[in-house]
Amino acid sequence: MQIKRQNILGKTIALLLAMQLFLIGLQAKSQIDQGNSTLEALIWMIQQYIPVLVKIRSLQDKKQENDSLKSKSKR
């Protein structure tokens, strides 16, 4: 039961992070439509993406750590 909950939670987090990346793209498009240069919008997008990607990486690292601990405890 706990594994199923963790799986659902992981999928929910992944979906929310994907939505956040999508919304950053929409905001950049809006900035371009408002007259900002494409380069400015691209720089802004990169600045917004970096914290999201760092969060994704830390979640991956935690999952790998948990998986390795589970496999060691089963031995």
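Please read all numbers here as calculations on a predicted model, not as lab measurements.

1. Points about the overall build of the protein
Each helix and strand counted, the protein has two helices and zero strands in total. Expected size for 75 residues packed as a compact globule is a radius of gyration near 11 Å; at 18 Å, the protein overshoots this value by more than 25%. Along the first, second and third principal axes, the C-alpha set of the protein runs to 60 × 20 × 10 Å. Every one of the 75 residues in the protein was classed for burial, and the buried ones make up 11%. Approximately 6,500 Å² of the protein is accessible, and the part contributed by carbon and sulfur atoms is 62%. Averaging the positions of the 12 positive and the 5 negative side-chain charges in the protein gives two centres separated by 15 Å.

2. Re the side chain of Q31
Among the structural elements, Q31 can be located in helix α1 (residues 2-33). In this structure, Q31 is in contact with N36, A41 and W44, ignoring residues within four places of it in sequence.

3. Description of α1
Taking 1.5 Å per residue, 32 residues should reach 46 Å; α1 reaches 46 Å between its end C-alpha atoms and fits that length. Those residues of α1 lying buried are L17, I24, A28 and Q31. Looking one or two places after α1, you find G35, whose phi comes out positive at around 110 degrees.

4. A few points about the nonpolar core
Residues L17, I24, A28, A41, W44, M45 and V52 constitute the largest nonpolar core, which totals seven residues. Mapped by element, the contributors of at least two residues to this core are α1 and α2 (38-74). No other element matches the four residues that α2 contributes to this core.

Here is what the cut-offs are and how they apply
Residues numbered from 1 in each chain as written. Predicted model: local features only at pLDDT ≥ 70, side-chain atom pairs only at ≥ 80, totals over all residues. Heavy atoms only, no water. Helix = DSSP H or I, 4+ residues; strand = E, 2+ residues; numbered from the N terminus. Rg over C-alpha atoms; globule rule 2.2 N^0.38 Å. Buried < 20%, exposed > 50% of the residue type's maximum accessible area, 1.4 Å probe, protein only. Areas by Shrake-Rupley, 256 points an atom, 1.4 Å probe, with all protein chains shown as cover. Lys, Arg positive; Asp, Glu negative; His and termini not counted. Charge placed at Lys NZ, Arg CZ, Asp CG, Glu CD. Contact = heavy atoms within 4.5 Å. Expected span 1.5 Å × (residues − 1). Core = buried A, V, L, I, M, F, W, Y, C linked by side-chain atoms within 4.5 Å.

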